[in-house]
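If you want the building blocks of each chain, they are given just below.
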Amino acid sequence: MTKAVFVWDDAYLDYSFPGDHPFKSLRESMTKKLLEERGAFHYLDIVKPIPIDENLLLKVHSKEYIEFVKKKSEEGEGYLDEGDTPAFKGIFEAALKRVSGTVTAVNLLQRYDVAINIGGGFHHAKYNSAAGFCVFNDVALGIKIAEEKYNRIALVDIDGHHGDGTQYLLYNDPKSLKISLHMFHPRFFPGTGDIYEIGEGEGKGYTINIPLPPGTADDMYLYAFKEIVVPKLEQFKPEVIFILNGGDSHFTDPLVELKLSNRGYLDIIRILHSISKKFNSRIVMTGGGGYNYEATAKIWALSIAELAELDMTEYEDLEDCCYLASSEFVKKKVIEIVDKLKEIHGL
């Protein structure tokens, strides 16, 4: 029986951008409600995040940037980047609380098989800047902290956008295997994540990008996943698997044009769970993007139920009606991408 823990603080809800900004903490509260209604917390422990010392952020961010965020947090106006991530009063403390959740999840792996922090997943934040609604990069920080105890850590990022910040913060790191499946198209944010971005120095070959065309549905998404992600993870034999479970690859998401159903999401989580069993890997699952809030909450609830080995019959009502199929045009493109990736990464 898997021992799982859910890291939660009501203060997570403070990280929510004002006005018509698409990033709202409603996703997190909706997920928790879905779990509560199904009695999940009779089986799943809830732990409050332990606040981290802000100096821990120096592992992934510059002192100048941290001070800049503090200043903008006090002012409560303007932007932390070029226009995507607005400042509001208390954003520093709100972001630090979210990061604390992921750090707590990593530390809980000493006692749990699976640690979940849906309040995390800020993979766009860079060393010296915010980006894409992300202030501090909890994912890169969590991996660096995990590396103090483990030698092989895999990140599987299924957010609809490429995790550029995490990639570059860990680009030369051979202890972490970074895999990202994301939509890739000219002029689509953040514009990175091509197949030829494979790491550098000692980390060369430890970054794998699977750029998918708009319209990629369950069939071809799962094809790419099984052809590339599964064999690479089995080669790597991870001690810890980080799952960045962004909900914006869902077919209803307003910002991304991928066509994954939550049945497809659940298949991916099941495969990763199976691999973790095979190699006795621990799992950390974070949230990520997801701008259809109801769809994202259902994805996270289903994923948590699978990873915590809850009674899945209690969650069947959350599943989409059916799998979605890609067009012949998209199928051809994905097959070409997968063939190139096999050549680049020796599969």
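You'll find the structure just up there.
None of these values were measured; they are calculated from a predicted model. (Residues numbered from 1 in each chain as written. Predicted model: local features only at pLDDT ≥ 70, side-chain atom pairs only at ≥ 80, totals over all residues. Heavy atoms only, no water.)

Caption draft 1: Molecular detail of helix 1 (residues 26–37). With 12 residues, helix 1 ought to run about 16 Å at 1.5 Å a step, and its terminal C-alpha atoms sit 16 Å apart, in line with that. Within helix 1, the full set of buried residues consists of Arg27, Glu28, Thr31, Lys32, Leu34 and Leu35. Buried residues of helix 1, seen end-on, are gathered within an arc of 160° and therefore sit on one face of the element. (Helix = DSSP H or I, 4+ residues; strand = E, 2+ residues; numbered from the N terminus. Expected span 1.5 Å × (residues − 1). Buried < 20%, exposed > 50% of the residue type's maximum accessible area, 1.4 Å probe, protein only. Arc of directions from axis to C-beta.)

Caption draft 2: Seen up close, the sheet that holds strand 3 (residues 114–117). Taken in spatial order, the 8 strands make up an open sheet running 2-1-3-8-7-4-5-6, and their pairing is parallel. Sheet topology places strand 2 (45–47) and strand 6 (207–212) at the edges, where each strand pairs with a single neighbour. Taken pair by pair, the neighbouring strands of this sheet meet at an average axis angle of 15°, ignoring direction. Across the sheet, helix 4 (residues 138–146) is in contact with strand 4 (153–157), strand 5 (176–183), strand 7 (240–244) and strand 8 (282–286); its angle to strand 7 comes to roughly 175°. (Pairing = 2+ DSSP bridges. Axes fitted to C-alpha atoms, helices over the stretch in contact; angles between N-to-C directions. Contact = heavy atoms within 4.5 Å.)

Caption draft 3: Looking closely at the side chain of His61. Mapped onto the elements of the fold, His61 is located in the loop between strand 2 and helix 2 (63–75). Using a relative accessible area of 0% as the deciding quantity, one classes His61 as buried. Side-chain polar atoms of His61 contact the backbone oxygen of Tyr127, separated by 3.5 Å. Within polar-contact distance, the side chain of His61 engages the backbone nitrogen of Asn137 at 3.0 Å. Aside from chain neighbours lying at most four places away, what touches His61 is Ile66, Ala125, Lys126, Tyr127, Val135, Phe136 and Asn137. (Polar contact = N/O pair within 3.5 Å; in protein donor to acceptor, adjacent residues only side chain to side chain.)

Caption draft 4: Quick peek at the packing of aromatic side chains. One pass over the full model with this rule turns up 15 aromatic pairs. An aromatic cluster of three or more residues is present, and its members are Tyr15, Phe17, Phe23, Phe88, Phe122, Phe133 and Tyr291. The ring of Tyr112 has Lys3 sitting right over it, with the charged end atom 5.1 Å from the ring centre. (Phe/Tyr/Trp six-rings, centres within 6.5 Å; stacked < 30°, edge-to-face > 60°. Lys NZ or Arg CZ within 6 Å of the ring centre and 35° of its normal.)

Caption draft 5: View of the environment of Val256. One can find Val256 in the loop between strand 7 and helix 7 (262–279). Along the backbone, Val256 and Tyr291 are 35 residues apart, and their C-alpha atoms lie at a distance of 9.1 Å.

Caption draft 6: Inspection of helix 8 (residues 293–307) at higher detail. For helix 8, built from 15 residues, the straight-helix expectation of 21 Å at 1.5 Å per residue is met to within 8% by its first-to-last C-alpha distance of 21 Å. For helix 8, the buried fraction is high: 12 of the 15 residues fall into the buried class. Within helix 8, the full set of buried residues consists of Ala295, Thr296, Ala297, Ile299, Trp300, Ala301, Leu302, Ser303, Ile304, Ala305, Glu306 and Leu307. Those residues of helix 8 that are buried lie in contact with strand 1 (4–7), helix 1, strand 3, strand 7, helix 7 and strand 8. Between the side-chain oxygen at the start of helix 8 and the backbone nitrogen of Glu294 there is a gap of 3.3 Å, and the oxygen is on Asn292. Following helix 8 by one or two positions, Glu309 adopts a phi angle in the positive range, close to 55°.

Caption draft 7: Examining the nonpolar core more closely. Counting 115 residues, the largest nonpolar core has Val135, Phe136, Leu181, Ile210, Phe225, Leu233 and Phe242 as the members making the most contacts within it. Top contributing element to this core by residue count: helix 6 (residues 218–236), with 10 residues. Residues within four places of Phe225 in sequence aside, it is in contact with Val156, Leu181, Val230, Ile268, Ile271 and Leu272. (Core = buried A, V, L, I, M, F, W, Y, C linked by side-chain atoms within 4.5 Å.)

Caption draft 8: Here's a closer look at the pairing of strand 3. Residues of strand 3 alternate between two faces, with Val114 and Ile116 on one and Ala115 and Asn117 on the opposite face, all of them buried. Note that strand 1 and strand 3 share 3 bridges and pair parallel. Bridging from a neighbouring strand, Ala4 pairs with Val114 of strand 3. Across 4 bridges, the pairing between strand 3 and strand 8 is parallel. In the sheet register, Asn117 faces strand 8, and the bridge partner there is Thr286.

Caption draft 9: Representation of the packing of helix 6 against helix 9 (residues 328–345) in the model. In contact at an axis separation of 9 Å, helix 6 and helix 9 are set at 5° when each is read in the N-to-C sense. When the interaxial angle is binned, helix 6 and helix 9 end up roughly parallel. Here helix 6 contributes Asp219, Met220, Tyr223, Ala224, Glu227, Ile228 and Lys232 to the contact with helix 9, which in turn contributes Lys331, Val334, Ile335, Val338, Leu341, Lys342 and His345. Grouping the amino acids of the contact of helix 6 with helix 9 by side-chain chemistry returns 8 nonpolar, 1 polar and 5 charged. (Parallel < 35°, antiparallel > 145°, perpendicular 65-115°, else oblique. Nonpolar A, V, L, I, M, F, W, Y, C, P; charged D, E, K, R; others polar.)

Caption draft 10: The pattern of salt bridges, seen in detail. Inspection of the entire model under this criterion finds 23 salt bridges. As a salt-bridge pair, Glu294 and Lys298 come within 3.4 Å of each other at their nearest N and O atoms. Of this pair, Glu294 and Lys298 both sit in helix 8, 4 residues apart, which is roughly one turn of the helix. Judged by its relative accessible area of 23%, Lys298 falls in the partly exposed class. The network of salt bridges with shared partners includes Glu54, Lys63, Glu67 and Lys70. (Salt bridge = Lys/Arg side-chain N within 4 Å of Asp/Glu carboxyl O.)

Caption draft 11: Representation of the pairing of strand 7 within the structure. Burial analysis of strand 7 places 5 of its 5 residues in the buried class, the great majority of the element. Residues Val240, Phe242 and Leu244 line one face of strand 7 and the alternating positions Ile241 and Ile243 line the opposite face, and both faces are buried. Two strands pair when backbone bridges link them, and strand 7 and strand 8 are joined in this way by 5 bridges, in the parallel orientation. When the sheet's bridge partners are listed, Ile243 is paired in strand 8 with Met285. Once you follow strand 7 into helix 7 and on to strand 8, the crossover reads as right-handed. (Right-handed = clockwise from strand over helix to strand, strands pointing away.)

Honestly, that's just the spatial picture; any functional story needs more than this.
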